[in-house]
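An overview of the molecular structure
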Amino acid sequence: MEDTVAKEKRFNKLITIVSIIVPVVVAILFGVKIPNVERLGFLPPIYASINGLTAVLLLVAVWAIKNGNKKLHQNIMTSCIGLSLLFLVMYIAYHMTSESTTYGGEGIMRTVYFFILITHIVLSIAIIPLVLKTYAFAYLEKFESHRKWAKITFPIWLYVAITGVVVYLMISPYYVS
């Protein structure tokens, strides 16, 4: 029991640090442009596809756990975290080699785009501690807490993954070739 409490305290400290550092570092790196490198313009459709794959895998993971397949659920959720990290690396690399693309749509579509984009960004920051905390509960075999947190984490993570694809599809016509 004492060991689990100590582990949970260490996890909580690490989760807090990661949840603060990742958005701050991303924000800083977003403004950094690497001079004299080729623009990595091929990355957006790849990282949008990673978001789409993550969404599908999140749904499969829920199906797996509802059907009693804990090992498959665990493997898929670990893969989703890995895909999210891969997305983040590609996203940063793209923005360090390319200027931001301005959305060219007008009227109601412009409003819809910015609503989706802003909620996607805000929730992508919020999902970091939620995913890590939910995963930590499973790792610590605190499955009741894991289930409670997963009921909050899952729909937010799914929304972030799906809206990542939607944002890409809406802005892709405006990318510079």
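Note: the structure precedes this text.
The rules behind each value
Residues numbered from 1 in each chain as written. Predicted model: local features only at pLDDT ≥ 70, side-chain atom pairs only at ≥ 80, totals over all residues. Heavy atoms only, no water. Helix = DSSP H or I, 4+ residues; strand = E, 2+ residues; numbered from the N terminus. Buried < 20%, exposed > 50% of the residue type's maximum accessible area, 1.4 Å probe, protein only. Contact = heavy atoms within 4.5 Å. Areas by Shrake-Rupley, 256 points an atom, 1.4 Å probe, with all protein chains shown as cover. Expected span 1.5 Å × (residues − 1). Bend = angle between axes of the 7 residues up to and from the residue. Patch = residues over 30% accessible without salt bridge, like charges linked within 9 Å, V, L, I, M, F, W, Y side chains within 5 Å. Salt bridge = Lys/Arg side-chain N within 4 Å of Asp/Glu carboxyl O. Core = buried A, V, L, I, M, F, W, Y, C linked by side-chain atoms within 4.5 Å. Polar contact = N/O pair within 3.5 Å; in protein donor to acceptor, adjacent residues only side chain to side chain. Phe/Tyr/Trp six-rings, centres within 6.5 Å; stacked < 30°, edge-to-face > 60°. Lys NZ or Arg CZ within 6 Å of the ring centre and 35° of its normal.

The number of helices and strands found in the chain is five helices and zero strands. Along the chain, helices (α) and strands (β) appear in the sequence α-α-α-α-α when read from the amino end. Dimensions of the chain, computed from the C-alpha atoms along their principal axes, are close to 55 × 35 × 25 Å. Here the chain, with 177 residues, has 34% of them falling under the buried criterion. Partitioning the contacts of the chain with sequence separation of at least 6, the portion at a separation of at least 24 is 81%. With an accessible surface of roughly 10,800 Å², the chain has 71% of that area assigned to carbon and sulfur atoms.

What follows is about helix α4 (residues 108-139). Helix length check: α4 (32 residues) gives 45 Å between terminal C-alpha atoms against 46 Å at 1.5 Å per residue, within 8%. The axis of α4 is deflected most strongly, by about 30°, at I127, and proline P129 appears within four residues downstream.

Its identity is not glycine, yet N36 carries a phi of approximately 55°, on the positive side. Non-glycine residue E141 carries a positive phi angle of around 60°. Locating E141 in the fold gives a position in the loop between α4 and α5 (143-171).

Attention now moves to a nonpolar patch on the surface. A cluster of nonpolar side chains, contributed by I20, V24, I28 and V32, occupies part of the molecular surface with about 340 Å² of accessible area. Following the sequence through the fold, V24 ends up in helix α1 (residues 2-30).

Close approach of charged atoms lets side chains of opposite charge pair. A complete count under the given rule lists four salt bridges for this structure. Across the pair D3 and K7 runs a salt bridge whose closest N-O atoms are separated by 3.7 Å. Within this pair, D3 and its partner K7 are both found in helix α1, separated by four residues, close to a single helical turn. Under the relative-accessibility criterion, D3 is labelled partly exposed at 48%. A salt bridge links E8 to K133; the nearest nitrogen and oxygen atoms lie 3.8 Å apart. With E8 in helix α1 and K133 in helix α4, this residue pair connects regions lying 125 residues apart in the sequence. Each of E8, K133 and K142 takes part in one network of salt bridges that share partners.

Attention shifts here to the nonpolar core. Ranked by internal contacts, the top residues of the largest apolar core, which has 21 residues, are Y47, L58, C80 and W157. With eight residues, the top contributor of residues to this core is helix α3 (residues 70-97).

What follows concerns the side chain of H120. Among the secondary structure elements, H120 is positioned in helix α4. Side-chain polar atoms of H120 contact the backbone nitrogen of G164, separated by 3.5 Å. Not counting residues within four places of it along the chain, the set of residues in contact with H120 comprises Y159, V160, T163 and G164.

Taken as a whole and assessed by the stated rule, the structure comprises 13 aromatic pairs. Ring centres of Y47 and F87 lie 5.3 Å apart, and the angle between their planes is 90°; this geometry places the pair in the edge-to-face category. Within this pair, whereas Y47 is found in helix α2 (residues 43-66), its partner F87 is found in helix α3, the two being separated by 40 residues in sequence. Across this residue pair, the class does not change: Y47 and F87 are buried. Judged by centre distance (5.3 Å) and plane angle (70°), the ring pair of Y103 and Y174 falls under edge-to-face. Placement of Y103 in the loop between α3 and α4 and of Y174 in the segment after α5 is noted, with a sequence separation of 71 residues between them. By relative accessible area, Y174 is classed as partly exposed at 34%. Each residue in the set F30, Y47, F87, Y91, Y94, Y168 and Y175 is aromatic and connected to the rest through ring pairs, giving one cluster. Of note, K70 hangs over the ring of F143, and the distance from its end group to the ring centre comes to 5.6 Å. Stacked on the ring of W149, the Lys or Arg K133 has its end atom at 5.9 Å from the ring centre.

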